[in-house]
Amino acid sequence: MSKKKANNSGIVYSTDPNFSLEPEPQEEQETLAPANQMLKVKLDTKQRAGKVVTIVDGFAGKEEDLEKLGKELKTKCGTGGSVKDGIILIQGDYREKILKWLQDWGYKKTK
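Residues numbered from 1 in each chain as written. Predicted model: local features only at pLDDT ≥ 70, side-chain atom pairs only at ≥ 80, totals over all residues. Heavy atoms only, no water.

## Overview of the pairing of strand E2 (residues 53-57)
As a reminder, the rule being used: Under the scheme applied here, a residue whose accessible area is under 20% of the maximum for its type counts as buried, over 50% as exposed, and between as partly exposed, the area being computed with a 1.4 Å probe on protein chains only. Helix and strand assignments come from DSSP, with helices taken as H or I runs of at least 4 residues and strands as E runs of at least 2, each series counted from the N terminus. For two strands to count as paired, DSSP must find a minimum of two bridges between them.
In terms of burial, E2 is a largely internal element, 4 of the 5 residues being buried. Examined bridge by bridge, strand E1 (residues 40-44) and E2 share 5 bridges and lie antiparallel to one another. Bridging from a neighbouring strand, Asp44 pairs with Val53 of E2. Of the strand pairs in this sheet, E2 and strand E4 (residues 87-91) are connected by 4 bridges, and their pairing is antiparallel. Directly across from Val53, in E4, lies its bridge partner Gln91.

## Comments concerning helix H2 (residues 95-104)
Note the threshold: This arc corresponds to the set of directions leading from the helix axis out to the C-beta atoms. Pairs of residues are marked as contacts when any of their non-hydrogen atoms sit within 4.5 Å.
What H2 keeps buried is the set Ile98, Trp101 and Leu102. Angularly, the buried residues of H2 cover 100 degrees about the axis, an arc narrow enough to put them on a single face. Of the exposed residues in H2, those oriented more than 90 degrees away from the buried face are Glu96 and Asp104. Buried residues in H2 make contact with E1, E2, helix H1 (63-77) and E4. Phi turns positive one or two residues past the end of H2, at Gly106, with a value near 105 degrees.

## Comments concerning the pattern of salt bridges
The line we're drawing: Put simply, a salt bridge is a Lys or Arg side-chain nitrogen that is within 4 Å of an Asp or Glu carboxyl oxygen.
Going through the model one piece at a time under the given rule, you end up with 3 salt bridges. Arg48 is the salt-bridge partner of Asp44, the closest N and O atoms lying 2.6 Å from each other. Where Asp93 meets Arg95, a salt bridge forms, and the shortest distance between an N and an O atom there is 3.1 Å. With a relative accessible area of 29%, Arg95 lands in the partly exposed category.

Printed below as a string of structure tokens:
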């Protein structure tokens, strides 16, 4: 007996005659120009065992462009971080530096 499953969606049976196992294609959102981005830079310590994290939120665009911006910011700060769910997390308090760099790079609506 083979234990391989062809479909891992968990759906066993559907009474909907229009049901399809294929996910609906999602449109890829185009990345806005830096001048039109409304980014928010804030500090957070919640659920991080008291560690300080700088959060850059509000990026509208493709995931790879967000990853690229996150990598640039981590490199400039010389620290670690991650990009998850459309949010850039930078370890440490770098609000002023990140704000300055973003405005220098053309993100004029950054707060």
